[in-house]
Amino acid sequence: TKFSPAVLDKVKGSLWGVYIGDALAMPTHWYYDQNHLKRTYGQITGFVKPQDKLPGSILSLSNTGGGGRGSNQGDIVGSVILH
């Protein structure tokens, strides 16, 4: 299937939007409670450094040896995932 230049341009724009959104959300990505987010960072008006430890984060429920839920044996958190 061949796509028109207009469709390809929209696909490229969508991908760039995903990449930029992911990069901008990185410091707060694992926060799912707005009150916790506000207590930790206050009002975010620019780039901020992510916290080293995220108390209450769902990240601690993740499998540290790989993706998903399961074993906590491994080093994904800290060596690949930065928080």
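Residues numbered from 1 in each chain as written. Predicted model: local features only at pLDDT ≥ 70, side-chain atom pairs only at ≥ 80, totals over all residues. Heavy atoms only, no water.

Caption draft 1: Looking closely at the overall build of the protein. Secondary structure assignment for the protein yields three helices and zero strands. The N-to-C order of helical and strand elements in the protein reads α-α-α. For the protein, buried positions account for 17% of its 83 residues. Sequence separation of at least 24 residues holds for 28% of the intrachain contacts in the protein that already meet a minimum separation of 6. Put simply, the protein shows about 6700 Å² of open surface, and 59% of that area lies on carbon and sulfur atoms. (Helix = DSSP H or I, 4+ residues; strand = E, 2+ residues; numbered from the N terminus. Buried < 20%, exposed > 50% of the residue type's maximum accessible area, 1.4 Å probe, protein only. Contact = heavy atoms within 4.5 Å. Areas by Shrake-Rupley, 256 points an atom, 1.4 Å probe, with all protein chains shown as cover.)

Caption draft 2: Local environment of a nonpolar patch on the surface. A cluster of nonpolar residues, Phe3, Val7, Leu8, Val11, Leu15, Trp16, Val18, Tyr19, Ile20, Leu24 and Phe47, forms a patch on the protein surface that exposes about 1200 Å² of accessible area. The topology assignment puts Phe47 in the loop between helix H2 (34-41) and helix H3 (76-79). (Patch = residues over 30% accessible without salt bridge, like charges linked within 9 Å, V, L, I, M, F, W, Y side chains within 5 Å. Salt bridge = Lys/Arg side-chain N within 4 Å of Asp/Glu carboxyl O.)

Caption draft 3: Inspection of the confidence of the model for the protein at higher detail. When pLDDT is averaged along the protein, the result is 75, and 58% of the positions lie at 70 or above. Within the protein, no element has a lower average pLDDT than H3, which sits at 60, and none a higher one than helix H1 (residues 5-25), at 92. (pLDDT = per-residue confidence, 0-100.)

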